[in-house]
Each structure stands twice: as C-alpha cells, then as structure tokens.
Number of protein chains: 4
Amino acid sequence: MSGVVKEGDQVLLVLDWRRKYLIKVKSGGELHTHKGVIRHDDIIGMPYGSVIKSSTGRLFHVAKPRLIDFIEKFSRPTQIIYPKDAGQIIMYADIGPGSKVVEAGTGSGALTAVLASIVRPDGHVYSYEVNERFLREAKKNLERVGLLSYVTLKLKDVTLGIDERDVDAVILDMPTPWLVVEHARNALKGSGFFVSFNPTLNQVSKTIVKLRESGFFDIRVVEVFEREYQVDPVALRPRTLMIGHTGYILFARRGISQ
Amino acid sequence: MSGVVKEGDQVLLVLDWRRKYLIKVKSGGELHTHKGVIRHDDIIGMPYGSVIKSSTGRLFHVAKPRLIDFIEKFSRPTQIIYPKDAGQIIMYADIGPGSKVVEAGTGSGALTAVLASIVRPDGHVYSYEVNERFLREAKKNLERVGLLSYVTLKLKDVTLGIDERDVDAVILDMPTPWLVVEHARNALKGSGFFVSFNPTLNQVSKTIVKLRESGFFDIRVVEVFEREYQVDPVALRPRTLMIGHTGYILFARRGISQ
Amino acid sequence: MSGVVKEGDQVLLVLDWRRKYLIKVKSGGELHTHKGVIRHDDIIGMPYGSVIKSSTGRLFHVAKPRLIDFIEKFSRPTQIIYPKDAGQIIMYADIGPGSKVVEAGTGSGALTAVLASIVRPDGHVYSYEVNERFLREAKKNLERVGLLSYVTLKLKDVTLGIDERDVDAVILDMPTPWLVVEHARNALKGSGFFVSFNPTLNQVSKTIVKLRESGFFDIRVVEVFEREYQVDPVALRPRTLMIGHTGYILFARRGISQ
Amino acid sequence: MSGVVKEGDQVLLVLDWRRKYLIKVKSGGELHTHKGVIRHDDIIGMPYGSVIKSSTGRLFHVAKPRLIDFIEKFSRPTQIIYPKDAGQIIMYADIGPGSKVVEAGTGSGALTAVLASIVRPDGHVYSYEVNERFLREAKKNLERVGLLSYVTLKLKDVTLGIDERDVDAVILDMPTPWLVVEHARNALKGSGFFVSFNPTLNQVSKTIVKLRESGFFDIRVVEVFEREYQVDPVALRPRTLMIGHTGYILFARRGISQ
C-alpha cells in the first residue's frame, strides 16, 4: 500500500515548525531527539499523516518529506538557495518540464535539485562547478533525492566556456557572472534566459553592462522577501526575526544584435 | 527550423519592461502600437531574439512568450495570482511533474495554468469554480497556452465537497477557505498539502482554527514581497512604487488525529 | 478661546485619508472641491475637531494642520523628504531642542522645517542651497509654518566649505555628499553626526570611502519602509500600492584620527 | 572646555556597530571588555571623537551617548520601543517642543524619554503605569538621562480614566487600547492625536471600531521597517537578519460628533 511507511522510506518527523527530523526508516533503528526517542519499528506500517509518541510522550507527525525538506538537510559545504528565490527563478525564467538548463556553480546542489525536479522527465540540467569536494557532496545530495539522472555534473570552470548549445536557460549562482555573459549568449537558444543570483548590487551592475554589450534585452532586477507569521490562534502576527537579505536576482533574455 | 518565427506562432514583441505585445503571427497581419506599426510578415522567418523596427523606427525584440507573459495577457474577469505567490506555492506545497492537484476557484485560470504547466505530463489539475462565465474565460485562456488537456474544469461549489480522492494538494484562492478544510482532509492523501491564498488575516485566522480542529499540522503563514529595480547602469536603484500587498499564503499538512 | 477656529487660522479640512485641504481662513472665502463648496464663514467659531457639511452634503472634519500636513502642501520645486526618513534622521542623529544643525541642500525646505521645529527654541538650522529659486520657495514655505526665525538660509555651495563651527550635525540631501565629508569634519564638534540621504547605493559607497579616510566612525546605512493599511473594519489589510524606495540613509560620527 | 571628557561624564565607548559600552567616568574606574581593559583616567581630558587603545591594543572611539544609546542600555523590565517606531509617532502625531502628552504604559520609560526630550523645555509628559516595579525602573532611567523633570509618572490604570485635560496627544503602548478611547476623547483638545502601538492586528481592529464610535477621524494604520546594511566598502549589502516585526501603529484624530 502506497500510503503507509515502509522499511527504506525516507520520512520527516515533525515536532513543530522549527524541529523536523529526516530519517531513513530501517528496522531496529532509533531517532534520538531532545524530546525523547522514537523507534523506527513503531513507524513502519503507519499511514503518512499519523502521530507517533516519543519515549517522553511528545507527539511527532509522520510526514512524507518535500523536496525542500530534503534540501534543508543537504550536506552543505556552501550557502544554499532559498525556496523563495528558487520559485522566483522558475517562474520568471519559464522553467518547466522539458527545459534544458545550464547551471553554475553547483555548490551543494540545492538549486540543481529544484531545477531537476521541475524539468523532469524530459528536460536536463548541466551543472558546472570548479570545486571537486562540492561536486562530490552535490552528487550524494542529488542521489538521495533521486534526481541525479536528470543532471550532468561537470567539474569545469564556466567562465572558460559552456559546452552545451540551444539551452533554454543559463542560471548562475557564482561571484563573477559578468564573465559568463558571452558564453551564455552562445549557449542559449533564441530568446532564452540568463539568470544570475548575487548578494551585492555591484555584481549586478557589472553584469548588466556586459549583458547590454552582448545584446541581451528585457533585463530585470528583483529582490524577494518572505515574511513568516507566528501561528498563534489568538495573536497571529509576523515573527520578530526575518531574513532581510539573501541576494538580488538578475534576469535577461538573449537578443540578436543587428 | 525551430528557432525561427513561423505563421501561427505566438510571439511577444518587447519594447521595454512595461510595453510588451503578445501577437499570433498571421500573414498580412499588423500590430499597431503608440510607437508605430509592425507587419507580421516582417517577423516571419526571423530567429527568436531578433530586433524588428516599427514604422516609426522604434526597435522591438522578438521573443518567445513565457507562461507568465501569456497569463499577464489573459482575459481577466478576476484578479490573478502573481508569479511571486505562485512560485512560493509550488515550492512549499511540493508541486512537481506528476502531482495531482485540486484547485478552487478557477477564476481566470492563472494559477491553474501555472499548476498545469508544472504537473505535466503525468499529473492533473481539478479546478472548481461556481461562476460559469469565469469558467468559460479560463477554458479559453488554458486552450491558448496549450494546457487544457492537463486540467479538468468543474462548475461546482467546492464548499459543498471535493469529488477527488488521494490528491497531493488542495489549493484555494476563494473567500471562505475554512469551509473547505474538512473536504480537503477527505480528498488529500497521506500528509498532503492544504494551501490557501487570502487578502486578509481574518480569513487566515478562521481557517487556522478549522485546520487545527481537523488535525492538520505544520501550519505556516507567509507573505511574499517582490522589490523591483530600475535598470539604469549608472544608478541602479529600487523602483519608487512597489506592490505592497497581494495576499497571505497559508500552508498546512493533513494529519490523522488519534 | 484657543480651541476655536478664528479668522486668519490655517485649517486642514479632511474628507478622507487622501483628500485633505489646507486653507487660511478669511471672512468671505470659499473652498471649492469636487465634493462641494465650503464657506470659510461657516467654519469660523467652530471648535477644532468639528464636522462641516459642504454644499453637496459631504462631511469634512476641521483639523489643526500638523507640520507634515503643511509640508505635504509646500510649493515643491524639488522632491521632498518623507516623514519616515525625517523621523529616522532625528532619532539616530540625536536632534533635539537646542541642536545646532547644518543642512544642504535646502530644496523646498521640507527637512529644514522638520529640523527647525525640533531644535526650537534654542537651536538653529543653517541651510545651504545653490539654486536661488529653490531658496526663495523654501523661505516662503518656512515663513508659512512660522519656523523661519530658527533657520539661516544660505545661497552657497556646501561642497566649497561650511562656515559654521561646533555644530551637532551635518545633514545632506544632495547628489555628491562625498565632496562634503572633509568640510563636515571641520564643522562638527566632538563626536557629532554626519548624515546623508541618497537614492543610490553608489553614492553611499563613495561617501563611506571618504568617511573612513577622514576618521569617521560608527557608520550605519539603513532604509526605512512604511507599509500603510487600508482601514476597513471588516477587512483590515495592507494597501496594494506602497512606496518601495525613497533613499538610503547614511549615518556616521566624527572621529579624531590619531 | 566643553568638548573634552570630564569626571562624571557619561561616555559611550564604541568598538564597532554591535559593541558599544556606556560608562560614567570616574577617576580610578576601569571598563573590562572581551577586547581588553580601558582605564577611565586615560579618557579624562580627551576630546570627544578620540580613539583610545585598550590593554590588548584594540581601538575604541570615545563618543557622547545619544538618547537612543542611553535607552538601549536602560534597565528593561519590559520590551522597549524601537527608534523607527518612536520617530514615526513623533512625526505623525506632530509632537514638538511645548507638546503636552499623555502616555501609557510607562514600561521601562523608553518612549517616555523620547517624548520628554522632544517636548522640552515647555511641554510635559504624563505617563501612566499599573506596575510599581516598572515605574521605579522608569524613574531611574529618566533620571539618568536628565529628563525626569519633564515627566509626571503616575501609578494608575489608564483604562479607568485620564486626569489631564486639553492634551495634544494620547499615546498608548499597552494590551487593551480600545478601553482608553473614550478617556482619550475627554483628555484631548480639539483635533488632538490618539496613537496606539500594538503587536497584533486584532488589537488594532478592535480599537478602530471604538475610535469610529467615538467620532475619531483620519484613522491611519502603518508598519515601519528598518533594513540595515553591512558596511563593507567592497560589498555593501543588506544584513542577512532583519527585525521583521515590532508592532502596528494606529493614529487617529479626535472629532466632535454632531
């Protein structure tokens, strides 16, 4: 039965919005938390959505992990992209099933995973990274979420060139995107998308200059904010602390200069 | 050749960030703008990304429309969802290829189109709407973007019940989401997702009370802001006017009460 | 009696949050609005806070204008500072009764008026402006609000030097604040305040470099946002449109390099 | 000489934006920090703005504390108001030299201090508080900043009535502002200001209902955000963490119902 936890399943145990535990269920296994122990055997056979009691009597929900739950738990040698920014990129660069995307740098593979999950089953992600260790971690992360077959990981410096042609989008999360503009122009097909994610406006300005020189058009710069609320029935209100900055997102479309 | 404009193509002519024209190319056709006339025949055969000169000498870029460009031009009897909010919903409700989603109300079909484009090719969207006229417009809109086959449009009041079972997500953009909580619980599978988009916190609070009574968990309330920049190479800065409010997004997962 | 409208009073007639009319009451006068005519004579003798009916039956409240209501109606050859930014400057540059402040440029005199109103009765504002026409308008504006005696208006280019010494703060709203850093250092007393308000981060960055070279410390850069709500008793929610950008505020304190 | 540190002065020693130390200079005194020791005697006689070296060689700036620096260091039995919100209140409720203001609750006296500093020398603040301990702390705090003579502290429940008449503004930072609306109407003169600061929209909604019943007009609800930047010359960018919520500010003006 598909709706029931089985040995080998990856399961998210949810105590509250902040405390969530991702486990791979195996007979005899145990999860130790500050709020008590949960035996894997007690979960096996439970329908998803069920409640399980820990050894100290605290209630945990048994949930199917989302892609973003997995990503949250990725081994992370680098800062990973936030869902708010990934969602923005997908919508504005028109990524969908079948898209062919070049990405750099791979980092921990967080954005790679999001892109791969969306371009399935017929699209593909080509992901460039210069750091071998990052690439190894990304590979493990992508394997865990079952998305590796939609990704080609490349140990290569994207500022030296892009091998692929006729791609739908080139998406950069790296310090010097302006060095990739010309390569992106060659790799993109038609009015395809250039996207760059950067923490400073200086990087954005430099890249805009290059984009204009190379004939790109419909240039757009945006920041996305997420304001979370404290879910209290009698006093619903925004949380005191908020993420005030992740990065600026720069979009442009490839144009053919006359 | 696929990268070249052909008769019958839908093309986006881009003058600048604010002035974009969506046309269906037909021999003999003309686009009249405040910045001059463009003859469709002059575009046919051009590669996407090219520049075309209007009768008054203004330059327009020839682009392939994105899904959000089509949606922007949807016939709109109702307010449509913003990409920033749609992207958030996709990421946090884990919508992807193969997802089975219930949506209400259909409205102009904007969110329907985004969801359909993502669940392709194996998923499906069941969309409820009580207003027959809205449904007719949504049907036309979805046909135009080639997504109708992934959607079942239903002239039906979702507060009276949901016919589908084992769905991955129930996504509501309607005034009384609290009346749908119980139906969503029956329709969702496992730890599936309830999502509601609403302009006021009152609606959110009422719905949270119901969600708790019905055993939902991992409740999250969030607002998403988009801050656009003025793309001026010498003076990159945020635009003066910004959209300060669209709505609050409420997420919850189905739980099984003990 | 002080609480009653008298001939010669300046009165704010308030229809709603967007439509407010500032008049100087004179016997025989009339205010013509899209919502009817109001005769000044009908207001004379009314207590502040009263309601007056226009010729078409619409109700207006009779209010004492605030300083920011006057400023809102200033003759405005230039963009004026927003109260949110002026309030921030007052708090963080520690402006209070008795402060001695240098300001440039005067512009319409909006920030000048706010500063003057706060430093009263023993402080003073020295305001530099290179545009003679702006200075004339500012003078009229300051006279109207009764604050001119706390201000010295100077037709002078502040980038060429500041005449005053031992001032508490130098506050700049002009395009090239970095050219004033050295002059500010000479004009300020002790650990006094340098403040600059600018629309782009480029300007801020350039000024920071100069501030560091000149030994300033405790440098702080901030943006202030105001999110207004639609005051509807059944559906209190943020307004759709919001001011997304006015400017960045840069604060620093004068230091003595070793 | 006034620009030089003297025994008995209150001095702010600034290491960086986060680490600031407020001391009262006394001969023989020492400040112990994680970055070494500073002897008070070494500061005495230094001009404000000077740099002093700690025992471990770290440099601190010698600054005159601002009012908000004192407030930051207030003994704080309660949450204190942020400068961004205090600045907004001063601007929109038209507080200035000479204003007569009623405030409740006093709490730690932070807003009381800001108001007192602005209404000087001819205005006055009447501050109500039901908690005796808070009132004692507030008194000490106000004494330290030399503002106690502009304040009357009252151990009294403001929901039971306001003693003062003809006041310019009633400013509330307490959980049940709607219980004070009627008292505020009696205490305010003319078209005077009602202000309430509250963490939830529920409180705001309830108070708006009361304000309307009592004839108040020009009702305004606003949130103020402050986005701070990381002052790095090569990479100026917003800080990652931001205060996402303090409270909503509600303004209204007293009207005379017909």
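Calculation criteria
Residues numbered from 1 in each chain as written. Chains lettered and ligands numbered in written order. Predicted model: local features only at pLDDT ≥ 70, side-chain atom pairs only at ≥ 80, totals over all residues. Helix = DSSP H or I, 4+ residues; strand = E, 2+ residues; numbered from the N terminus. Buried ≥ 20, exposed ≤ 12 C-beta atoms within 10 Å, placed from the backbone. Contact = placed C-beta atoms within 7 Å. Pairing = 2+ DSSP bridges. Axes fitted to C-alpha atoms, helices over the stretch in contact; angles between N-to-C directions. Right-handed = clockwise from strand over helix to strand, strands pointing away. Least-squares fit on C-alpha atoms with pLDDT ≥ 70 in both. Nonpolar A, V, L, I, M, F, W, Y, C, P; charged D, E, K, R; others polar. Domains from an automatic or database assignment. Left-handed = near helix turned anticlockwise from the far one by under 90°. pLDDT = per-residue confidence, 0-100. Expected span 1.5 Å × (residues − 1). Arc of directions from axis to C-beta.

Draft legend 1. Fine view of the overall build of chain A. Secondary structure summary: chain A contains 7 helices and 15 strands in total. Across its three principal directions, the C-alpha atoms of chain A cover 70 × 45 × 30 Å. Here chain A holds 258 residues, and 51% of them are scored as buried. Put simply, 61% of the contacts in chain A that link residues at least 6 apart link residues at least 24 apart.

Draft legend 2. Geometry of the sheet that holds strand 5 (residues 51-53) of chain A. Residue and element names in this part refer to chain A. If you walk across this open sheet you meet the 4 strands as 2-1-6-5, and the pairing is antiparallel. Only two strands of the sheet have a single partner each, and these edge strands are strand 2 (20-24) and strand 5. Mean inter-strand twist for the sheet, computed between neighbouring axes without regard to direction, equals 30°. Pairing analysis gives 3 bridges linking strand 5 to strand 6 (residues 59-63), with the strands arranged antiparallel.

Draft legend 3. The pairing of strand 11 (residues 188-198) of chain B, seen in detail. Residue and element names in this part refer to chain B. Burial analysis of strand 11 places 10 of its 11 residues in the buried class, which makes it a mostly covered element. As defined by bridge partners, strand 10 (residues 167-172) adjoins strand 11 across 5 bridges and the pair is classed as parallel. Paired with Leu172 across the strands is Ser196, a residue of strand 11. Where the polypeptide runs from strand 10 across helix 6 (residues 181-187) and back to strand 11, its parallel neighbour, the crossover connection is right-handed. Pairing analysis gives 6 bridges linking strand 11 to strand 15 (residues 248-253), with the strands arranged antiparallel. Looking at the pairing, Phe193 lines up with Arg253 of strand 15.

Draft legend 4. Representation of the relation of the copies chain A and chain B within the structure. Mapping chain A onto chain B is achieved by rotating through 180° and translating by 0.0 Å along the same axis, at an RMSD of 0.0 Å. In the structure described here, the two chain copies are related by an operation that fits a two-fold rotation axis. Within chain A, the C-alpha atom positioned nearest to the axis of rotation is that of A:Gly87, 2.1 Å from it. A shared binding surface is used by both copies, with 100% of the interface residues of chain A retained as interface residues in chain B.

Draft legend 5. Just the interface of chain A and chain B, in detail. Each partner contributes residues to the interface: chain A has 58 residues there, and chain B has 58 residues. Taken together, the elements giving at least two residues each to the side of chain A that touches chain B come down to strand 6, helix 2 (67-72), helix 3 (83-92), helix 4 (110-119), strand 11 (188-198), helix 7 (201-213) and strand 12 (217-230) of chain A. At 13 residues, strand 12 of chain A tops the list of elements feeding residues into the side of chain A that touches chain B. Tallied by class, residues from the side of chain A that touches chain B come to 31 nonpolar, 13 polar and 14 charged.

Draft legend 6. The sheet that holds strand 2 (residues 20-24) of chain C, seen in detail. Residue and element names in this part refer to chain C. What the 4 strands build is an open sheet, ordered 2-1-6-5; its pairing is antiparallel. Edge positions in the sheet fall to strand 2 and strand 5 (51-53), since each has one partner strand and no second. In this sheet, adjacent strand axes meet at a mean angle of 30° when their direction is disregarded. Of the pairings in the sheet, the one linking strand 1 (residues 10-14) to strand 6 (residues 59-63) comprises 3 bridges and is antiparallel in character. Each bridged residue has a counterpart across the sheet, and for Leu13 the counterpart in strand 6 is Val62.

Draft legend 7. Focus on the environment of A:Arg39. In this fold, A:Arg39 is placed in strand 4 (residues 36-39). Sequence spacing of A:Arg39 and A:Ile52 is 13 residues, and the spatial spacing of their C-alpha atoms is 9.6 Å.

Draft legend 8. Here's a closer look at the domain arrangement of chain A. Partitioning chain A into domains gives domain 1 (10-65) and domain 2 (69-253). Centre-to-centre, using C-alpha coordinates, domain 1 of chain A lies 32 Å away from domain 2 of chain A.

Draft legend 9. Layout of unusual backbone geometry. Residue B:Ala104 is joined to B:Gly105 through a cis peptide bond whose omega torsion reads -15°. For A:Asp94, which is not a glycine, the phi torsion comes out positive at approximately 60°. With respect to the secondary-structure elements, A:Asp94 resides in the loop between helix 3 and strand 7 (100-104). Although it is not a glycine, D:Asp218 sits at a positive phi angle of roughly 55°. Residue placement: D:Asp218 occurs in strand 12 (residues 217-230). Residue D:Asp218 is classed as buried on the basis of its C-beta count, with 22 C-beta atoms lying within 10 Å.

Draft legend 10. Looking closely at the pairing of strand 3 (residues 30-33) of chain C. All names here are of chain C. Judged from the 4 bridges that link them, strand 3 and strand 4 (residues 36-39) form a sheet pairing that is antiparallel. Directly across from Glu30, in strand 4, lies its bridge partner Arg39. Following strand 3, the chain reverses through 2 residues before pairing antiparallel with strand 4.

Draft legend 11. View of the packing of helix 3 (residues 83-92) of chain C against helix 3 (residues 83-92) of chain D. It is at 8 Å that the axes of helix 3 of chain C and helix 3 of chain D come closest, and there the two elements cross at 120°. In the packing of helix 3 of chain C onto helix 3 of chain D, the handedness of the crossing is right-handed. Facing C:Pro83, C:Lys84, C:Ala86, C:Gly87, C:Gln88, C:Ile90, C:Met91 and C:Tyr92 of helix 3 of chain C, the residues of helix 3 of chain D in contact are D:Pro83, D:Lys84, D:Ala86, D:Gly87, D:Gln88, D:Ile90, D:Met91 and D:Tyr92. Residue composition of the contact of helix 3 of chain C with helix 3 of chain D, grouped by class: 10 nonpolar, 4 polar and 2 charged.

Draft legend 12. Structural view of the confidence of the model for chain A. Per-chain confidence: chain A averages 95 in pLDDT, with 98% of residues scoring 70 or above. In the predicted assembly, ipTM is 0.96 and pTM is 0.96.

Draft legend 13. Here's a closer look at helix 5 (residues 132-144) of chain C. Residue and element names in this part refer to chain C. In a regular helix each residue adds 1.5 Å, so 13 residues correspond to 18 Å; helix 5 covers 19 Å between its end C-alpha atoms and thus fits that length. Where helix 5 is concerned, the buried positions are Phe134, Leu135, Glu137, Ala138, Asn141 and Leu142. Down the axis, helix 5 shows its buried residues gathered within 165° of arc, on one side only. For helix 5, the exposed residues lying more than 90 degrees away from the buried face are Glu132, Arg133 and Glu143. Considering only its buried residues, helix 5 is in contact with helix 4 (110-119), strand 8 (124-129) and strand 9 (151-155). Downstream of helix 5 by a residue or two, Gly146 has a phi angle that is positive, lying close to 70°.

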